[in-house]
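# Tertiary structure, described
Each chain is listed here by its residues.
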Amino acid sequence: MATDDDDARVPVWLDCDPGHDDTFAILLAAYHPALRILGISTVFGNAALEKTTQNATSILTAINKSHSIPVYVGASHALHRPPMHAPTDIHGESGLDGTTLLPEPTVPAITSIPAIDAAHAALKACKPNTAWVVATGAFTNVAALFQKYPDLVSHVKGVSLMGGAIGGGFTNAVLGSVDGVPRIGNWTQFAEFNVLADPEAAEFIFSREGLKEKTTLVPLDVTHLVLTTREVRELLLYGPPDRRAKIDEEEKKRKEQLAEGREEEEGELARKLEEEVKKGRTTKLRVMLVELLMFFAKTYSDVFGITAGPPLHDPLAVAAILTGVGEQHEIPFSDVDPTAQGVAGAEGTQQRERYKVEIITEGTYEEARDGARTGQVIATLLPPGEEGVRIPRSLDINLFWRVLEECVARADEANAAAERETEKGGGEAEAEAGAGKKAGQGCLRTTV
């Protein structure tokens, strides 16, 4: 009988604040074949804690993972700051505005165990130097986890954070402007939201010996390279071009058959064609995801003037932990300066970069909105060979989108299998078991 020790997948604890882009972080972590989610903890951020928790459980229901991935309720405010007013200009009142297709959660979040205690137990149950902690919201839960359980610092493989902004031409990404003023941050001119939400938590992680050397930071400078363009949204809605071409060819053949005079079958075939095209072209899950992206695109255009498409920040923190898992599953990230000259590593390649990261913690939320640099990230390049925070500069963007679409396809397959089992009268939990996992109700297989 197989055990967790036989599972070669990378164990992941995901801390998030869903959030449109968190939806795709959950999807990627849940359906990437090289990853295994241990659990999810929620945190305040894109919406109030009760809403981000509701959103997390709803997303898991939508992708047929509600029974196999537990959700725990985390922090409602920063470590040492009063509660902040949840923003609504980017993610809307619910944190996931823009679609009516999100199902009601079939499995509620677990409230009997504190999130950081659950995370500690799950991570310690993994082999040393195998598990990752990924955070795509405020870093409060992550800091609290390592503060309460310092033994985890040496036990985990690493920590991957989406947050911060470097600026100064770190990449060629367009970071946007507000009221005609260019900025590096997305919440203030200088600060990215996740860091500003709890700068003391960020400072703890980046200053803790043994932890900072294991930390990857994916800043806005990188996430703004990964824009959800019209072409990307079409890929996520319909699948890759070869699949769409096959569907188009099948539709053409059916129309030719109808034109050949098979009048007695025309009505029946037309109905079947309509149903098959609808089912073959897209699914309710894909429509839901693209509706979320369309809402996200509008708010990013309205607020930041970025019109090519919204950056999909959070799944990049998940993708970044695939480094070193092998060519079959890795999404390459580059942590070298492409403009550096004459800097070579041991094997004649450019020297990887590592950074000392400091966080400006002085100032309140209100002062930050009035121009204070609260939450700003100061990254200083370390001498070659010295260990520090990994801050990648680029990644294989086309591969990232292909892998993400493949995860959507796997979720579609799981939903379809669950629906077939449910139609047989096996019940929802048995349905997901038949698909390889325990299932929830409300599976998003109905097609449009």
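Look up: the structure comes first, before these words.
Because the structure is a prediction, the values reported are computed rather than measured. (Residues numbered from 1 in each chain as written. Predicted model: local features only at pLDDT ≥ 70, side-chain atom pairs only at ≥ 80, totals over all residues. Heavy atoms only, no water.)

## Here's the deal with helix α3 (residues 115-124)
To keep things clear, this is the line we draw: A 1.4 Å probe rolled over the protein chains alone gives each residue an accessible area, and that area as a share of the maximum for its type sets the label: buried under 20%, exposed over 50%, partly exposed in between. Secondary structure elements follow DSSP: runs of H or I of four or more residues count as helices, runs of E of two or more count as strands, with numbering from the N terminus. Contact criterion: two residues are considered in contact whenever any of their non-hydrogen atoms come within 4.5 Å of each other.
The buried count for α3 comes to 8 of 10 residues, which makes it a mostly enclosed element. Taken together, the buried positions of α3 are occupied by Ala115, Ile116, Asp117, Ala118, Ala119, His120, Ala122 and Leu123. Looking at the buried residues of α3, the elements they touch are β1 (10-16), β2 (35-42), β3 (71-73), β4 (132-135), α4 (140-148) and α5 (152-155).

## Concerning the pattern of salt bridges
A side chain with one charge can pair with a side chain of the opposite charge if their charged atoms come near. Rules: The rule for a salt bridge is simple: a side-chain nitrogen of Lys or Arg has to be within 4 Å of a carboxyl oxygen of Asp or Glu.
One pass over the structure, following the stated rule, counts 16 salt bridges. The residue Arg36 makes a salt bridge to Asp7 at a minimum N-O spacing of 3.4 Å. In this pair, Arg36 is assigned in strand β2 and Asp7 in the segment before β1, connecting sequence segments 29 residues apart. You can call Asp7 partly exposed: its relative accessible area is 23%. In this structure, the salt-bridge partner of Lys124 is Asp151, at a minimum N-O distance of 3.3 Å. Separated by 27 residues along the polypeptide, Lys124 in helix α3 and Asp151 in the loop between α4 and α5 bring together distant segments of the chain. What emerges from the salt-bridge pattern is a single network uniting Asp7, Arg9 and Arg36.

## Quick notes on the sheet that holds strand β5 (residues 158-162)
Rule in force here: A pair of strands is considered paired only if DSSP assigns at least 2 bridges between the two. Only the contacting stretch of a helix is used when fitting its axis, a line to C-alpha atoms as for every element, and angles between N-to-C directions run 0 to 180 degrees.
Taken together, 6 strands build an open sheet; the order of strands is β3-β2-β1-β4-β5-β8 and the sheet is parallel. Only two strands of the sheet have a single neighbouring strand rather than two, namely β3 and β8 (215-218). Adjacent strand axes in the sheet meet at a mean angle of 20° when their direction is disregarded. Bridge count for β4 against β5 is 4 bridges, and the pairing is parallel. Paired with Ala135 across the strands is Leu161, a residue of β5. The strands touched by α3 are β1, β2, β3 and β4; relative to β1, the strand with the most contacts, the crossing angle is about 170°.

## Thoughts on the packing of helix α9 (residues 230-238) against helix α15 (residues 397-423)
Our working rule: Roughly parallel means an angle under 35 degrees; roughly antiparallel means over 145; roughly perpendicular covers 65 to 115; every other angle is labelled oblique. Less than a right angle of anticlockwise turn of the near helix away from the far helix marks a crossing as left-handed, whereas a clockwise turn marks it as right-handed. Each residue gets one label: Ala, Val, Leu, Ile, Met, Phe, Trp, Tyr, Cys and Pro are nonpolar, Asp, Glu, Lys and Arg are charged, and the others, such as Gly, are polar.
At their nearest, the axes of α9 and α15 sit 9 Å apart, and the two run at 25° to each other. Compared by their axis directions, α9 and α15 come out roughly parallel. With respect to the hand of their crossing, α9 and α15 are arranged in right-handed fashion. Contacts between α9 and α15 pair Val232, Leu235 and Leu236 from the former with Trp401, Glu405 and Val408 from the latter. Considered class by class, the residues forming the contact of α9 with α15 number 5 nonpolar, no polar and 1 charged.

## Structural notes on the pairing of β4
Of the two faces of β4, the one lined by Trp132 and Val134 and the one lined by Val133 and Ala135 are each fully buried. In this sheet, β4 lies alongside β1 in parallel orientation, the contact comprising 4 bridges. Counterpart to Val12 in the pairing with β4 is Trp132.

## So, the layout of surface pockets
To keep it simple, the criterion reads: Every definition here rests on a 1 Å grid over the protein atoms only: cavities are sets of points where a 1.4 Å probe fits but cannot get out, pockets are open sets enclosed by protein on both sides within 12 Å along at least five of seven lines, and lining residues have some atom within 4 Å of a point. Grid points are joined across faces, edges and corners, and a volume is the space filled by probe spheres set on the points.
When its volume is computed, the second largest pocket comes out at roughly 370 Å³. Contributing to the lining of the second largest pocket are 21 residues, with Trp132, Lys157, Thr216, Thr323 and Arg390 lying nearest its centre. Residues of the lining of the second largest pocket, tallied by class, amount to 5 nonpolar, 7 polar and 9 charged.

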